[in-house]
Amino acid sequence: MSYQNLVPRFIKYAKQTTRSDENSATIPSTKSQSVFAHQLVAELQQIGLSQVHISTKSAYVLATLPTNLPATAEVPKIGLIAHMDTADFNAENVQPQIQKNYDGKATIPLAKSGYYLDPAEFPNLKNYAGEDLITTDGTTLLGADDKAGIAEIITAAEYLLAHPEIKHGTIQIGIGPDEEIGKGADNFDVTEFPADFAYTVDGGPLGELEYETFNAAQAKIKLIGKNVHPGTAKDVMVNALQLAFDFQAQLPADEVPEKTAGRQGFFHLIDLNGTVDQAEMTYIIRDHDRSKFESRKELLQQIAARMNAEYGEERVVLEVTDQYYNMREVIEKDMTSVKLAQTAMEELKIKPIIYPVRGGTDGSKISFMGLPTPNLFAGGENMHSRFEFVSVQVMERAVDVILQIIKSAVHKAK
């Protein structure tokens, strides 16, 4: 089905700068997200949604589409969630480009940036023969993660408001900040979002349906050295940078992102800086299996303790913080949300692609707050980069799936 406002809506959103900032202590982390949130409030009010406001607790834009069924109808209340921030790549002056009727073979120049989308480098392009692709101009990311999801949710709500003959239960909408820096759902309040289950519309290609994510933690390590003149350093100097190298050397060499796939977990060193006197390291730890996840954190503790024992004093200061957990632990207790989405896709002749996410979504945290929240595809590919793109037709199919889930929930309740 074609939705005339979907593409203009997405392009308008994509052009709005909303990059989050992990070093900020405000909620949301950037002023640009607040500006965008107020624009969304005005838009949602204009199309006719109810109870539209920005949560003072979470900075989520919240809105309700009331049911058009009798009060006695027992239909689940469904939540639809997306995030407004973009990732840590240039997001200033985003200029989306539209490649009409892509043949699946040609190289797509990204404006005059000197960059290209080449099927030889990005074989996923071959999946989009005959479709219209929205790309970057090569200087920024696109922001389909997750402005495609926002556009799809709002377009679906707009469609339901324009077609009151389609019966539906209460629909809750939440557009949140700071997902990309892992903080967006921290302040989400399920009491402000009265749904029986929800979906984040934040996935990738057509058919993605995800209810299993990583368990995730971050480790920050401070390495305390002793700097003296190198000419008289024997048996005195402690090089903090060498401590960092020694710590890294004690982790399994093959358990890193570039050597793992599927349900294999990893340790990922994402930052290292310092001097002989002091250094800092940051790791992220990931595993789908909770027991293996806990073992990974314990290994870090063991290495730190062993190194400190060798020096006879604390030279390695380790701080580990859990970030989110595998939402499968919650959702598998009641698979209604997953089965409803799977059935909706199958009815639309879309093959559901169900696999463990090597990452997390806001749903990872929200599910553990008591609101089961699997993830639906939004269409973005090559996300977080200048090579990001999204298919117009896949975005339309995402709206179709949202509407079909809502219809199927009514049908199932009869």
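In what follows, the structure referred to is the one given above.
This one's a predicted model, so the numbers in the text were calculated from it and none came from an experiment. (Residues numbered from 1 in each chain as written. Predicted model: local features only at pLDDT ≥ 70, side-chain atom pairs only at ≥ 80, totals over all residues. Heavy atoms only, no water.)

1. Here's the deal with the overall build of the chain
Argument step 1. Along the chain, the regular secondary structure elements total nine helices and 17 strands.
Argument step 2. On C-alpha atoms alone, the chain measures out to a radius of gyration of 23 Å, which is about the 22 Å that the 2.2 N^0.38 rule sets for 414 residues.
Argument step 3. Considered along the principal axes of its C-alpha atoms, the chain spans approximately 85 × 50 × 35 Å.
Argument step 4. Counting every position in the chain, which comprises 414 residues, the buried fraction comes to 53%.
Argument step 5. Nonlocal contacts in the chain, meaning residues at least 24 apart in sequence, comprise 79% of its contacts between residues at least 6 apart.
Argument step 6. Taken as a whole, the chain presents about 18,400 Å² of accessible surface, with 50% of it coming from carbon and sulfur.
Argument step 7. In the chain, which carries 39 positive and 56 negative side-chain charges, the distance between the mean positions of the two groups comes to 2 Å. (Helix = DSSP H or I, 4+ residues; strand = E, 2+ residues; numbered from the N terminus. Rg over C-alpha atoms; globule rule 2.2 N^0.38 Å. Buried < 20%, exposed > 50% of the residue type's maximum accessible area, 1.4 Å probe, protein only. Contact = heavy atoms within 4.5 Å. Areas by Shrake-Rupley, 256 points an atom, 1.4 Å probe, with all protein chains shown as cover. Lys, Arg positive; Asp, Glu negative; His and termini not counted. Charge placed at Lys NZ, Arg CZ, Asp CG, Glu CD.)

2. Here we look at the sheet that holds strand β7 (residues 131-135)
Argument step 1. One open sheet holds the four strands; their spatial order is β4-β7-β17-β16, and the pairing between them is antiparallel. The open sheet has two free edges, formed respectively by β4 (97-102) and β16 (380-381), since each of these has just one partner strand.
Argument step 2. Across four bridges, the pairing between β4 and β7 is antiparallel. Among the inter-strand pairings, Tyr-102 is bridged to a residue of β7, identified as Glu-131. (Pairing = 2+ DSSP bridges.)

3. Looking at the environment of Val-410
Argument step 1. Mapped onto the elements, Val-410 comes out in helix α9 (residues 392-413).
Argument step 2. The buried category is assigned to Val-410, whose relative accessible area is 7%.
Argument step 3. A C-alpha to C-alpha distance of 29 Å links Val-410 and Phe-10, two positions 400 residues apart in sequence.
Argument step 4. Apart from the residues within four sequence positions on either side, Val-410 is in contact with Leu-69, Val-75, Lys-167, His-168 and Gly-169.

4. Considerations on the layout of surface pockets
Argument step 1. Roughly 1,600 Å³ of internal volume is contained in the largest pocket.
Argument step 2. For the lining of the largest pocket, the secondary structure elements donating two or more residues are β9 (197-203), β11 (215-224), β12 (266-274), β13 (278-287), β14 (316-324) and α8 (362-367).
Argument step 3. Among the residues forming the lining of the largest pocket, the class breakdown is 11 nonpolar, 19 polar and 19 charged.
Argument step 4. Around the second largest pocket, the lining is made up of 11 residues, and of these Pro-76, Asp-196, Phe-197, Asp-334 and Thr-336 lie nearest the centre.
Argument step 5. Considered class by class, the residues forming the lining of the second largest pocket number six nonpolar, two polar and three charged. (1 Å grid on protein atoms, 1.4 Å probe; cavity = no way out; pocket = protein on both sides within 12 Å on 5 of 7 lines; lining within 4 Å. Points joined across faces, edges and corners; volume = space filled by probe spheres on them. Nonpolar A, V, L, I, M, F, W, Y, C, P; charged D, E, K, R; others polar.)

5. Comments concerning helix α7 (residues 336-347)
Argument step 1. If you check α7, its first and last C-alpha atoms are 16 Å apart, about what 12 residues at 1.5 Å a residue would give, namely 16 Å.
Argument step 2. Along α7, the residues that are buried comprise Ser-337, Val-338, Leu-340, Ala-341, Ala-344 and Met-345. Buried residues in α7, looked at end-on, bunch into an arc of 165 degrees, giving them a common side.
Argument step 3. In the stretch just after α7, Lys-349 is the one whose phi turns positive, near 65 degrees. (Expected span 1.5 Å × (residues − 1). Arc of directions from axis to C-beta.)

6. Digging into helix α5 (residues 290-311)
Argument step 1. Across its 22 residues, α5 extends 32 Å between first and last C-alpha, which sits within 8% of the 32 Å expected from 1.5 Å per residue.
Argument step 2. Of all the residues in α5, the buried ones are Phe-293, Arg-296, Lys-297, Leu-300, Ile-303, Ala-304, Met-307 and Asn-308. The arc that holds the buried residues of α5, viewed along the axis, is 130 degrees, so those residues lie on one side. Away from its buried face, by an angle of more than 90 degrees, α5 presents the exposed residues Lys-292, Ala-309 and Glu-310.
Argument step 3. Each element contacted by the buried residues of α5 is listed here: β11, α4 (240-249), β12, β13 and β14.
Argument step 4. At the exit of α5 stands Gly-312, carrying a positive phi of roughly 70 degrees.

7. Some remarks on a negative patch on the surface
Argument step 1. Together, Asp-21, Glu-22, Asp-88 and Asp-271 give the surface a local cluster of negative charge.
Argument step 2. Mapping Asp-21 onto the fold places it in the loop between α1 (6-14) and α2 (31-47).
Argument step 3. A relative accessible area of 31% places Asp-21 in the partly exposed class. (Patch = residues over 30% accessible without salt bridge, like charges linked within 9 Å, V, L, I, M, F, W, Y side chains within 5 Å. Salt bridge = Lys/Arg side-chain N within 4 Å of Asp/Glu carboxyl O.)

8. Points about empty space enclosed by the protein
Argument step 1. Following the criterion strictly, the structure yields one cavity of 30 Å³ or more and no others.
Argument step 2. In this model, the largest cavity occupies a volume close to 30 Å³.
Argument step 3. Taken together, Leu-65, Leu-80, Ile-153, Ala-156, Ala-157, Leu-160, Ile-171 and Ile-406 make up the full set of residues lining the largest cavity.
Argument step 4. Looking at which element gives the most residues to the lining of the largest cavity, the answer is helix α3 (residues 144-162), with four residues.

9. Observations concerning the nonpolar core
Argument step 1. Core analysis: the biggest nonpolar cluster contains 78 residues, and Phe-10, Leu-49, Ile-150, Tyr-199 and Ile-405 have the highest contact counts within it.
Argument step 2. At 11 residues, α9 tops the list of elements feeding residues into this core.
Argument step 3. In terms of nonpolar packing, the next biggest core, distinct from the first, is built from 22 residues, Ala-240, Ala-244, Met-281 and Val-316 among them. (Core = buried A, V, L, I, M, F, W, Y, C linked by side-chain atoms within 4.5 Å.)

10. So, unusual backbone geometry
Argument step 1. Omega for the bond connecting Ile-27 with Pro-28 falls within 30 degrees of zero, at -5 degrees, which places this linkage in the cis form.
Argument step 2. Relative to the elements of secondary structure, Pro-28 occurs in the loop between α1 and α2.
Argument step 3. Located in the positive-phi region is Asn-382, a residue other than glycine, with phi close to 55 degrees.
Argument step 4. Mapped onto the fold, Asn-382 is located in the loop between β16 and β17 (389-391).
Argument step 5. One non-glycine residue with positive phi stands out, namely His-384, at about 70 degrees.
Argument step 6. In this structure, His-384 sits in the loop between β16 and β17.
Argument step 7. Since its relative accessible area comes to 35%, His-384 is described here as partly exposed.

The values reported here are purely geometric and, on their own, carry no functional implication.
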